[in-house]
Amino acid sequence: MEHNFKMGTLIFTVPRSKLNLLIGAVFMLFSINSALFAGTKPLYQETISGTVIDNQGLPLPGVTIIVKGTSNGTNTDMDGAYSIEAEPGDILVASFIGFETQEIPVENRSTINFTMAEGTNELDQVVVVGYGTTKKSDITGAISSLNDDDFNKGAQTSINELIQGRAAGVQITQADAEPGGLFSIKIRGSNSITGGNEPLYVIDGLPGAPLNALNPGDIASIEILKDASATAIYGSRGANGVVMITTKKGKAGRFSINYDGYFGVQNAAKTLDLLNADEYVSFINGIQADQGLEPIYTEEQLANVGEGTDWQDEILRTAYLQNHQLSFSGGSEDTGYYVSLGHFDQQGIVINTGLKRTTGRVNIDHSTDKFNFGLNLSTSFVADESVPRSVYGINADAGVIATAIQFDPLQRVYNEDGSYAESSNLDLDNPVAQANTITNVSETNRTFGNAFVEYEFVDNLSAKLNVGSDRRTSRFDNYISKVTKRGQRTNGAANVSATENNSNLLELTLHYQNTFQEKHQLEILAGYTYQDFVNKGFNAGSQNFPTDAFETNNLSAGDREMYAVGSFKNENQLLSYLGRLNYTYNNKYLLTASFRVDGSSRFGEDEKYGYFPSVALSWKLAEEDFIDRLNTFSTLKLRTSYGITGNQAIGNYNSLVLLGTAGNATFNGQQFVGIAPIQLGNPDLKWESTAQFNVGLDYGFLRNRITGSLDYFKKKTSDLLLQLPIPSTSGFTTSLQNVGDTENSGFEFLIDSKNLVGDFTWSTSLNFSTLQNKVTSLGELPFILQGNIRFINDLTILREGSPINSYYGYRTNGVFQNQSEVEQSAQPNASPGDLRFQDLNNDGQITPDDRTILGDPFPNFNFGLSNTFTYKGFDLSIFFNGSTGNELLNFTKIDSENPISFLRNRQDYVLNRWTPDNPTNENPSFISNNLARALNDRVVEDASYVRLRNVNFGYNFPGLSVKGLNSLYVYLTAQNLFTITDYSGYNPEVSSLGDSNLKVDYNAYPVSRTFTMGIKLGI
């Protein structure tokens, strides 16, 4: 038995066994309070009250008052007054931004007043920057800093999900909504056309992308370095920004154990409206009739067809997920430790998809006056199960999602004998058969970490040695069953591939810091770094298996004549020298200058080294008397910076002449494998360089109850790496060369506000950014056309003055209503009911010269809005994000308008098609295909959206006195509750081509709506 739940447009089905589990879990969580406190002594003996004032005698609203060592707390009201229950042996702790934390023992008092002195505040918090840390107040660059309170709540599989929508100028799109699917992150736009545009990730000082190997629950903070002042210290890898990830550390004090676990359900947030069987038959017969042809389906079939099979419903499911994390932490005054174990298990909403991850982490820190030592070590095992979803596959090679959308709704899932049904009319596989019988499983083991020692061998001068390693091995198994049409072509096909990715890091830095005459603060960093990367792997495959039972576990069972074996190995190195100077005068005027020299094996013999300088100035205006007299600003700082960074994300060996196999030759009856050049060399191949200017203002009002920042940036990337055409007499058609420029510019705005303080609090955080992206030069080329899917080429254009990879196609102007309109048009061979295309060059005909830019994938405006409410132990947070001004190529819609086969299913809007009896101007008759003009403004859609991404409601149990239990927090989280958009596809954020600048929605995994219930325990 199943129970159906409906919330607005959301419907999901929960089996009764799972429902009982959910009800039991809810009952358990919310019964804990009575279980914990039953039979215990009264928690509080007396009500303590008082007021909190500053050193000028003014009341301080919003001050947090807690009983030390417990979660029992309150906030002062607008008059600075508070009331709290405590025992005589307790200690009250008062804390507030901009003031020093104060502790007072309760003893036998009923009234306790606090007078708080200005001191350590949020601006004195330590922020991680490249090769060091700095106080937030001393930052001269553009940096977004996020911690656990800022992260998105609920089920998060990666760091990108944690921070999506939370930082201005950072666009994070879910390229693939499958569990563990790829996210694309762009910081201040896209610089490169053929090189990478993803940022550099640095985890506890070790450069390397976390992918799915890092447990989000182990992350303490994330800093996003955006301008050249912050990123130039990373030189050739800093052009796209840097994401600094700091994991949790142990703290001095008692040993503690913490558990964080949740359970959740997911279903598709949106499905497409497809033709059901009755509508499908009517549509097909209608097209036939309009062409004067006999109907394909008889009246008897029409009468008995019914709803048919909903193939989306067959491949989608209500999926479950769970996460468990256990951590141990503690330490002494000199040493801290943090150890964690985690397990995450997420079913995908498409059948036979899912992700399982098991992680472990050990962090150790030891610090004395002269000597510091640290170890950060992480290990993980990730198992990922997927289904075929290739963007480029067609017909029987099409993926599960695309097939479910296009498959015949008259067809049953199973034959009467239980075998999978096939369609004799379509060269498509049964979607359920694909999902259930094609194996796509990857398993990845990864261990990475670093260790450092630092010693101050003379006053103010220390040396630090940091060594790191990253080891990743993975195996991918793919078996195509003979049950499917794909498998029938080869009588079963198996392939196994294994890869190994290794990296080693060595860094040696010197650090000098001193203060002179109380006004001059000087900090100097100099260093040397070396990092190498080695990637290798092999693959083996076979076909024509006697049975499907072996799958990939016995390749030798296949046909020996069909064996296929391959292997590869590549490596590269990066050698660098770096330096940075920070100077502060009178705590008002700050200067930061950095310089890095990078040598990379990826570039030409004559261009091995690149040079990347930056400089930044900052003025703490709030420290000036003329600003202080205004009594307006708590914080006011002006920043500006300029610098040059690089991009070496171009792959290995692109500057060299490469040899490879080139067919076979026979001499004296013996066959030899041919070897020939497969790539031209370019000894002058060099870095893409990005010069960036930034000016910013940090502000704070009302004792920093309102804080934020405003930035303007302009980036220009030069020496773009492009494949340019060369004479074919060279034996090649293109050569990789440095030519062309791009530009990104925009504004970023952040405001954090504590709207209400006291027992009931309300805080708001709003960030938004604008972006203008354009190509400014392509050398001598007027334009470059890029992109092809299925039978459609030249999807986008690169042209001076336009955004990178703008969509390029035809504009429509309604539908021809009669023959007279056809005869007076530039389409004399058209028929009434056909689309009318605009003759933009006015030459009297529709040709490829009439194509124009239809839109671009870059949002003009991104925003994120968070509101958090608390009342005593309750908290509620609501987070929206969205974008405007961007378009997306909906290739799935092309399959409805111009299908490969007439009998394929389509989206139901085609029912409102033009006919003589329905002379609509909205949709054509769909009688004939027009693949040559399929890329038009009907399929390039506005992808602007507003999404309620996250809602979290929780309760923090106060004043726990049960022995051994320090904290208890229970919560409910909902993700992707609704999306407001005009986009007709599954998800306006999707990018089926991954992190490419070319964004397309095709065969995309539907985004899920998720509800989770969790508990956090502290012992």
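Basis of the calculations
Residues numbered from 1 in each chain as written. Predicted model: local features only at pLDDT ≥ 70, side-chain atom pairs only at ≥ 80, totals over all residues. Heavy atoms only, no water. Helix = DSSP H or I, 4+ residues; strand = E, 2+ residues; numbered from the N terminus. Rg over C-alpha atoms; globule rule 2.2 N^0.38 Å. Buried < 20%, exposed > 50% of the residue type's maximum accessible area, 1.4 Å probe, protein only. Contact = heavy atoms within 4.5 Å. Lys, Arg positive; Asp, Glu negative; His and termini not counted. Charge placed at Lys NZ, Arg CZ, Asp CG, Glu CD. Phe/Tyr/Trp six-rings, centres within 6.5 Å; stacked < 30°, edge-to-face > 60°. Lys NZ or Arg CZ within 6 Å of the ring centre and 35° of its normal. Pairing = 2+ DSSP bridges. Polar contact = N/O pair within 3.5 Å; in protein donor to acceptor, adjacent residues only side chain to side chain. UniProt positions renumbered as here; feature names shortened; annotations may be inferred. Core = buried A, V, L, I, M, F, W, Y, C linked by side-chain atoms within 4.5 Å. Salt bridge = Lys/Arg side-chain N within 4 Å of Asp/Glu carboxyl O. Axes fitted to C-alpha atoms, helices over the stretch in contact; angles between N-to-C directions. Patch = residues over 30% accessible without salt bridge, like charges linked within 9 Å, V, L, I, M, F, W, Y side chains within 5 Å. Areas by Shrake-Rupley, 256 points an atom, 1.4 Å probe, with all protein chains shown as cover.

*Asks:* Please explain the overall build of the protein chain as it appears in this structure.
*Replies:* Looking only at helices and strands, the protein chain has 12 helices and 54 strands in total. The C-alpha atoms of the protein chain give 32 Å as radius of gyration, which agrees with the globular expectation for 1019 residues (31 Å, within 12%). The C-alpha extent of the protein chain, read off along each of the three principal axes, is 95 × 70 × 65 Å. Within the protein chain, the fraction of its 1019 residues that count as buried is 51%. Nonlocal contacts in the protein chain, meaning residues at least 24 apart in sequence, comprise 68% of its contacts between residues at least 6 apart. If the 74 positive side-chain charges of the protein chain are averaged to one point and the 111 negative ones to another, these points end up 4 Å apart.

*Asks:* Which parts of the structure should I look at to understand the environment of Ile315?
*Replies:* Structurally, the position occupied by Ile315 is in helix 6 (residues 311-315). You can call Ile315 buried: its relative accessible area is 2%. Put simply, Ile315 and Gln434 are 119 residues apart on the chain and 9.8 Å apart in space, counted from C-alpha to C-alpha. Ignoring any residue separated from it by four or fewer positions in sequence, one finds Ile315 in contact with Ile349, Val350, Ile351, Val400, Ile401, Ala404, Pro431 and Val432.

*Asks:* Looking at this structure, I do not really get the packing of aromatic side chains. What am I missing?
*Replies:* We describe a pair of aromatic rings using the distance from one ring centre to the other and the angle between the two ring planes. Taken as a whole and judged by the stated rule, the model has 30 aromatic pairs. With centroids separated by 5.1 Å and ring planes inclined at 25°, the aromatic side chains of Tyr131 and Tyr234 adopt a geometry described as stacked. Within this pair, whereas Tyr131 is found in the loop between strand 10 (126-129) and strand 11 (132-135), its partner Tyr234 is found in the loop between helix 3 (228-231) and strand 18 (242-247), the two being separated by 103 residues in sequence. Comparing Tyr131 with Tyr234, the two get one shared label, buried. An aromatic cluster is built from Phe749, Phe768, Phe861 and Phe863, whose rings are joined through pairwise contacts. The ring of Tyr945 has Arg947 lying over it, and the distance from NZ or CZ to the ring centre is 5.7 Å. Looking at Lys1016, its charged tip hangs above the ring of Tyr971, at a distance of 5.9 Å from the centre.

*Asks:* I tried to follow the sheet that holds strand 15 (residues 200-203) on my own but got confused; where do I start?
*Replies:* To summarise the sheet geometry, strands pair through backbone hydrogen bonds and adopt either a parallel or an antiparallel arrangement. If you walk across this open sheet you meet the five strands as 12-17-18-15-16, and the pairing is mixed. Looking at the sheet topology across the chains shown, the edges are occupied by strand 12 (143-147) and strand 16 (206-207). The sheet contact formed by strand 12 and strand 17 (residues 219-225) spans five bridges and is antiparallel. Looking at the pairing, Ser144 lines up with Ile224 of strand 17.

*Asks:* So what exactly am I meant to see when it comes to the environment of Asp290 here?
*Replies:* You can see Asp290 is positioned in helix 4 (residues 277-290). On the basis of relative accessible area, Asp290 is assigned to the partly exposed category, the value being 35%. Once the C-alpha coordinates of Asp290 and Asp741 are considered, the two residues, 451 residues apart in sequence, prove to be 52 Å apart. Apart from the residues lying within four places of it in its own chain, the contact partners of Asp290 are Arg913, Thr915 and Ile927. In terms of polar contacts, Asp290 uses its side chain to reach the side chain of Arg913, at 2.7 Å.

*Asks:* Looking at this model, I keep getting lost on the UniProt feature "domain: TonB-dependent receptor plug" (unreviewed entry) in the protein chain. Mind explaining?
*Replies:* Within this numbering scheme, the UniProt entry marks residues 136-242 as carrying the feature "domain: TonB-dependent receptor plug" (unreviewed entry). Measuring from the first to the last C-alpha atom of residues 136-242 gives 17 Å, for a span that is 8% helix and 25% strand.

*Asks:* Looking at this model, I keep getting lost on the pairing of strand 11. Mind explaining?
*Replies:* Each regular strand carries side chains that alternate between the two faces of the sheet. Bridge count between strand 10 and strand 11: four bridges; the pairing is antiparallel. Within strand 11, the position partnered with Val129 by the bridge is Gly132. The turn joining strand 10 and strand 11, which pair antiparallel and follow one another in sequence, is formed by two residues; a positive phi near 60° is taken by Tyr131.

*Asks:* How should I be thinking about the nonpolar core in this particular structure?
*Replies:* Note on soluble globular proteins: their nonpolar side chains tend to be buried together. Tyr280, Phe283 and Ile315 are the most contacted members of the largest nonpolar core, which totals 39 residues. Broken down by secondary-structure element, the contributors of at least two residues to this core are helix 4, helix 6, helix 7 (400-406) and helix 8 (431-437). Filtering out sequence-adjacent residues up to four positions away, Tyr280 remains in contact with Leu275, Tyr297, Asp408, Pro409, Leu410, Leu903, Arg904 and Asn905. Of all hydrophobic cores here, the second largest spans 23 residues; its members include Phe151, Ile159, Leu162 and Ala167.

*Asks:* What's the story with unusual backbone geometry in this structure? I'm lost.
*Replies:* Residues other than glycine seldom take positive phi values, yet Glu518 does so here, at roughly 65°. Among the secondary structure elements, Glu518 is positioned in the loop between strand 26 (493-516) and strand 27 (520-543). The exposed category is assigned to Glu518, whose relative accessible area is 78%. The phi dihedral of Asn1003 is positive, around 60°, even though this residue is not glycine. Mapped onto the elements, Asn1003 comes out in the loop between strand 53 (1000-1001) and strand 54 (1008-1018).

*Asks:* Explanation requested: the pattern of salt bridges in the structure shown.
*Replies:* Note on pairing: side chains with opposite charge can pair once their charged atoms come close. Scanning all chains against the criterion turns up 29 salt bridges. Across the pair Arg475 and Asp477 runs a salt bridge, and its minimum N-O distance is 2.7 Å. One salt bridge connects Arg639 with Asp698, and the closest N-O pair in it is separated by 3.0 Å. Here Arg639 is found in strand 31 (residues 633-647), whereas its partner Asp698 is found in strand 34 (residues 688-701), with 59 residues between them in sequence. Taking the relative accessible area as the measure of exposure, Arg639 reaches 3% and is therefore buried. Owing to a relative accessible area of 17%, Asp698 belongs among the buried residues under this scheme. Each of the salt bridges in this network shares a partner with another, and the network as a whole consists of Asp204, Asp218, Lys249 and Arg361.

*Asks:* What should I look at first to understand the sheet that holds strand 6 (residues 81-86) in this one?
*Replies:* Overall, mixed pairing links the three strands, which are arranged 6-3-9 in an open sheet. Looking at strand neighbours, the two that pair on one side only are strand 6 and strand 9 (114-116), the edges of this open sheet. The average angle at which neighbouring strand axes cross in this sheet is 30°, direction not considered. Of the strand pairs in this sheet, strand 3 (residues 46-54) and strand 6 are connected by six bridges, and their pairing is antiparallel. Counted as the bridge partner of Ser49 is Ser83 from strand 6.

*Asks:* Can you walk me through a negative patch on the surface in this structure?
*Replies:* A grouping of Asp278, Glu307, Asp310, Asp313 and Glu314 is seen on the molecular surface, where their side chains present a negatively charged patch. Secondary-structure assignment places Glu307 in the loop between helix 5 (299-304) and helix 6.

*Asks:* Explain a nonpolar patch on the surface to me, please; I cannot follow it from the model alone.
*Replies:* Taken together, Phe371, Val453, Tyr455, Phe457, Val458, Leu465, Val467, Leu506, Leu508 and Leu510 make up a surface patch of nonpolar side chains, about 790 Å² in accessible area. Elements supplying a minimum of two residues to the nonpolar patch: strand 24 (439-458), strand 25 (461-480) and strand 26. Among the elements that line the nonpolar patch, the one with the most residues is strand 24, at four residues. Inspection of the secondary structure puts Phe457 in strand 24. Residue Phe457 is classed as partly exposed on the basis of its relative accessible area, which comes to 43%.

*Asks:* Help me understand the pairing of strand 34, please; the structure alone is not making it clear to me.
*Replies:* Where strand 31 meets strand 34, 14 bridges bridge the pair, whose relative direction is antiparallel. Its bridge partner lying in strand 34, Gly646 is registered against Ser689. The pairing of strand 34 with strand 35 (residues 706-718) spans 13 bridges and is antiparallel. Counterpart to Asp698 in the pairing with strand 35 is Ser709. Where strand 34 folds back on strand 35, the antiparallel hairpin that results is connected by four residues, among which Leu702 adopts a positive phi of roughly 50°.

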